[in-house]
Amino acid sequence: MLELKKSLDAKGHCVLEMPSGTGKTISLLSLIVSYMKYNPATVGKLIYCSRTLPEIEKVLAELKNLMKYYDRVAKEPHKIVGLALSSRKNLCIHPTVSKEKDGKIVDGRCHSLTASYIRARHLNDQSIPICNFYDSFDLDGREFPLQPGIYNLDDLKKLGQDMGWCPYFLARQAVVHANIVVYSYHYLLDPKIAQIVSKEISKNTVVVFDEAHNIDNVCIDSMSVRINRRVLDKCSTNLQVLEKTIDKAKEQDTKKLKEEYYRLVEGLKDATVARETDIVLANPILPDEILQEAIPGSIRNAEHFVFFLKKLVEYLKMRLRVQHVVQESPAGFLKDIYGKICIDRKPLRFCAERLSCLIKTLEIPDISDLSPLVLMSHFATLISTYTKGFTVIIEPFDEKSPTVSNPILHLACLDSSIAIKPVFDRFQTVVITSGTLSPLDMYPKILDFHPTLMSSFTMTLARQCLLPMIVSKGNDQVAISSKYETREDIAVIRNYGSLLIEMASIVPDGMVCFFTSYLYMDNVVASWYDQGIIDQLLKYKLLFIETQDSAETSLALFSYIKACENGRGAVLLSVARGKVSEGVDFDHHLGRAVLMFGIPYVYTQSKILRARLEYLRDQFQIKENDFLTFDAMRHAAQCVGRVIRGKTDYGIMVFADKRFSRTEKKGKLPKWIQEHLRGSFCNLSVEEATQIAKKWLKQMAQPFSRDDQLGVSLLTLEQLQNEDFQKKIFSRAQQL
């Protein structure tokens, strides 16, 4: 953790690659929390970002253990407030709203019960429903800050139930004052959410992005928009509803619309001052200057603005009538829209903000139905704001069903640095960490920042508990590879099947196999059925297969775990970049071997990917092949990394493709895998790999206790305080 300390001292950003399952989370938390305690003026807050809900819960569990340790050692209660923040769907305790499954519906229903104008109407008419939890929090809860402690989502919900307060708004308010906040990447990287949730966080904050190997894709997704015919048809329906609501408002109270008009003449700063429950839509763009300007005269009047949106919808419908793929720059798109329907760039830029103001003025209770219109307003604002780093692609059909006409308009963000730049500029230290970040120098390029420090760590082990092997040929000496030219070859598919059967016959408990795509997996499994390989496999273990349906995959995963638990053993066939490869840990008996069938290159015929590769080449001088190889190898490493979740765990990593033996591929694997990948473990046949694995598994089956680790991979407090040991550790750190 010396490198992290150096970054905190230098108030700079860092990239740290740490092996999976070796206490990465607790190491980061313990050092940063200690630094906060001893240097409160330098570091005031820790924001810990993770990708999924289970990972957020794990971080809070580690944090609770750390605080218990502090209490025990210091012999006085700690004064740290740490909490998780998630969506309304995960925190709502309202008896009916909390039963909804869709997050957008929960948001819409919450708004319809908590908006200031709804509550004002409730004062005059008690039959109008409101949320009593929010009302109670608004009356009493704001006065009471959270007591010191670590609050996960269940703790917040329990506190909400006990006090009668809304846990979501309680957490939202506490974010500003808490010492440690754990939430999803999107709360910082998606401008639409970050402006609402994270805008008041101070500069002297340390931000940690954990499991950040895919952070560039998260940045790009948060700034991209996808529109199809269905969305535009819903937009037309939304506009009819808005028209009727405006007519109704004019009949009942014209004063409201006039007030809004004058407010917009003055400028957007005042128009956006609203209560927390009224913040319906945040701006999808980053520049703050937009708020200093007045909204253009052509869209200030509510009726004019609706007419403007109708013209825009009709234009987009016209653009979707294509027979072939169209690609153009935002500047070209804006020129075309001006030439065809005389819509200028400036009113488009204010589209999202103007729609937000109109929804507030009209006091529309449930905004979940307006999400297509909101999406279109985000598209208009983004395309008119950014001329660089974006492209417009119109495809006549979806890639998944190329024979069915379903035109889609993509506004694709090509530059991941656009979304993350404000985070680097605003906070003094940003830590990007994961178990699979190699090669490290790619991230500063694609995220366009200058780290003070980059480091890749290895594992200190008392025994060699991971066995990486590269299998490049079958027993018949036919080279195995998933490359396009050979993937239909029966001999290659047979050799993959032979490798699976041989491994299943010697590996105990669970095995996980990863294919490069769902299509490839389906073809291989169908061929294995014909060759009788599946029947042979079932003699050793049960077989479960991941599908594109998340409910089916969850059931397969549950059954796989059950088969491993009861000793029957199982094989799980899954796909790189799928659900299993990212969010599921196969610790101990759940994963004793991982087989990577082929190199998981991304689908290179995608027009969006081609545009991004071109942009990376022109802007950052990153060669196309370098980026594709980097992307494939980080996903391969992520897949095989699922097998090892701690120093007491053990597992086999099989890279089944002859191309893994090449130096440019092998050199892009994480350092902690490379150090165990000896020359004798490369370019193996199926039989050679089986014999090595058999011998290694015998060694792993020997008794292994905590005492065997002491002084090597596990240190006691006495050893840490011993000067000789400290010198030994320091010299080891210097060597690394």
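This text goes with the structure placed above it.
Calculation rules
- Residues numbered from 1 in each chain as written.
- Predicted model: local features only at pLDDT ≥ 70, side-chain atom pairs only at ≥ 80, totals over all residues.
- Heavy atoms only, no water.
- Helix = DSSP H or I, 4+ residues; strand = E, 2+ residues; numbered from the N terminus.
- Contact = heavy atoms within 4.5 Å.
- Areas by Shrake-Rupley, 256 points an atom, 1.4 Å probe, with all protein chains shown as cover.
- Lys, Arg positive; Asp, Glu negative; His and termini not counted.
- Charge placed at Lys NZ, Arg CZ, Asp CG, Glu CD.
- Pairing = 2+ DSSP bridges.
- Axes fitted to C-alpha atoms, helices over the stretch in contact; angles between N-to-C directions.
- Salt bridge = Lys/Arg side-chain N within 4 Å of Asp/Glu carboxyl O.
- Buried < 20%, exposed > 50% of the residue type's maximum accessible area, 1.4 Å probe, protein only.
- Parallel < 35°, antiparallel > 145°, perpendicular 65-115°, else oblique.
- Left-handed = near helix turned anticlockwise from the far one by under 90°.
- Nonpolar A, V, L, I, M, F, W, Y, C, P; charged D, E, K, R; others polar.
- Phe/Tyr/Trp six-rings, centres within 6.5 Å; stacked < 30°, edge-to-face > 60°.
- Lys NZ or Arg CZ within 6 Å of the ring centre and 35° of its normal.
- Expected span 1.5 Å × (residues − 1).
- Arc of directions from axis to C-beta.

Undergrad: Which parts of the structure should I look at to understand the overall build of the protein chain?
TA: When you go through the protein chain residue by residue, the secondary structure sums to 35 helices and 19 strands. With the C-alpha coordinates aligned to their principal axes, the bounding extent of the protein chain is approximately 85 × 70 × 50 Å. Residue pairs at least 24 apart in sequence account for 80% of intrachain contacts in the protein chain once pairs closer than 6 positions are excluded. With the model as given, the accessible surface of the protein chain reaches about 32,200 Å², and the carbon-plus-sulfur share is 52%. Where the 95 positive side-chain charges of the protein chain centre and where its 87 negative ones centre are 2 Å apart.

Undergrad: Explanation requested: the sheet that holds strand β8 (residues 326-328) in the structure shown.
TA: Note on sheets: strands pair through backbone hydrogen bonds, and any given pair is parallel or antiparallel. Strands sit in the order β7-β10-β9-β8 across an open sheet of four strands; the sheet is antiparallel. Both outer strands of the open sheet, β7 (225-228) and β8, are each paired with one neighbouring strand and no more. On average, each strand axis in the sheet is inclined to that of its neighbour by 15°, with strand direction left out of account. Direction of pairing for strand β9 (residues 390-395) relative to strand β10 (residues 408-413): antiparallel, over a ladder of six bridges. Counterpart to I394 in the pairing with β10 is L409. Docked against the sheet, helix α28 (residues 607-620) engages β8, β9 and β10, running at close to 155° with respect to β9.

Undergrad: Please explain the pattern of salt bridges as it appears in this structure.
TA: Charged atoms that come close allow side chains of opposite charge to pair. One pass over the structure, following the stated rule, counts 29 salt bridges. For the salt bridge of K421 with D425, the shortest nitrogen-to-oxygen distance reads 2.8 Å. In this pair, K421 and D425 both sit in helix α21 (residues 417-426), four residues apart, roughly one turn of the helix. When its relative accessible area of 48% is taken as the criterion, D425 is described as partly exposed. Counted as one network, the salt bridges with shared partners bring together D216, R577, R612, D631 and R634.

Undergrad: Please explain the packing of helix α16 (residues 302-319) against helix α17 (residues 330-341) as it appears in this structure.
TA: Relative orientation and spacing of two packed helices are given, respectively, by the angle between their axes and the distance between those axes. Relative orientation of the contacting elements α16 and α17 amounts to 115°, with a least axis distance of 11 Å. One element, α16, and the other, α17, form an angle in the roughly perpendicular class. Judged by the twist between their axes, the crossing of α16 over α17 is right-handed. Contact with α16, carried on its side by K311, L312, Y315, L316, M318 and R319, involves F333, D336, I337, K340 and I341 of α17 and no other residues of that element. Across the contact of α16 with α17, the residue classes tally to seven nonpolar, no polar and four charged.

Undergrad: Which parts of the structure should I look at to understand the environment of V580?
TA: Tracing the backbone through its elements, the reader meets V580 in helix α27 (residues 579-583). The exposure class of V580 is buried, given its relative accessible area of 1%. As for V580 and F457, which are separated by 123 residues in sequence, their C-alpha atoms are 25 Å apart. Every residue in contact with V580, bar those within four places of it in the chain, is listed here: F514, E546, T553, L557, L572, S574, F586 and R642.

Undergrad: Could you clarify how one ought to interpret the pairing of strand β13 (residues 466-473) in this entry?
TA: Regular strands place side chains that alternate from one sheet face to the opposite one. Of all eight residues that make up β13, eight are buried, and the element is covered over most of its length. Examined bridge by bridge, β13 and strand β18 (residues 651-656) share six bridges and lie parallel to one another. Considered in β18, the bridge of L466 is made with G651.

Undergrad: I'm lost on the packing of aromatic side chains in this one. Help?
TA: When we look at a pair of aromatic rings, we describe it by the centre distance and by the angle of the planes. Summed over the entire model, instances satisfying the criterion amount to 22 aromatic pairs. Aromatic pair F627 and F630: ring centres 5.8 Å apart, planes at 50°, arrangement tilted. Within this pair, F627 and its partner F630 are both found in helix α29 (residues 624-640), separated by three residues, close to a single helical turn. Pair check on accessibility: F627 and F630 agree, each one buried. Among the aromatic residues, those joined into a cluster by ring pairs are Y496, F515, Y520, W528 and F597. For K37, the ring lying beneath its charged end belongs to Y70, and the centroid distance is 5.0 Å.

Undergrad: It is not clear to me how the sheet that holds β18 should be interpreted in this structure. Could you clarify?
TA: The parallel open sheet is built from seven strands, whose spatial order is β15-β16-β14-β17-β18-β13-β19. The open sheet is flanked by β15 (542-545) and β19 (684-685), the only strands paired with a single partner. As paired elements, strand β14 (residues 510-515) and strand β17 (residues 593-597) share four bridges and run parallel to each other. Paired with F514 across the bridge in β17 is M596. Relative to strand β16 (residues 570-575), helix α24 (residues 518-531) is tilted by about 140°, and along the sheet it contacts β14, β15, β16 and β17.

Undergrad: Please clarify how the packing of helix α23 (residues 490-506) against α24 should be interpreted in this entry.
TA: Here α23 crosses α24 at 80°, and the two axes come no closer than 10 Å. In terms of orientation, α23 and α24 fall into the roughly perpendicular class. Seen from α23, the contacting residues are I490, I493, R494, Y496, G497 and L500; seen from α24, they are Y520, V524, S527, W528 and Q531. Its residues assigned to classes, the contact of α23 with α24 shows seven nonpolar, three polar and one charged.

Undergrad: Please clarify how helix α3 (residues 53-74) should be interpreted in this entry.
TA: Residues spaced three or four apart along an α-helix point in a common direction, a consequence of the helix completing one turn every 3.6 residues. In a regular helix each residue adds 1.5 Å, so 22 residues correspond to 32 Å; α3 covers 31 Å between its end C-alpha atoms and thus fits that length. Looking only at α3, the buried set comprises E55, I56, V59, L60, L63, L66, M67 and Y70. Angularly, the buried residues of α3 cover 135° about the axis, an arc narrow enough to put them on a single face. Among the exposed residues of α3, those oriented more than 90 degrees off its buried face are P54, K68 and R72. K75 occupies a position one or two residues after α3 and carries a positive phi of about 60°.

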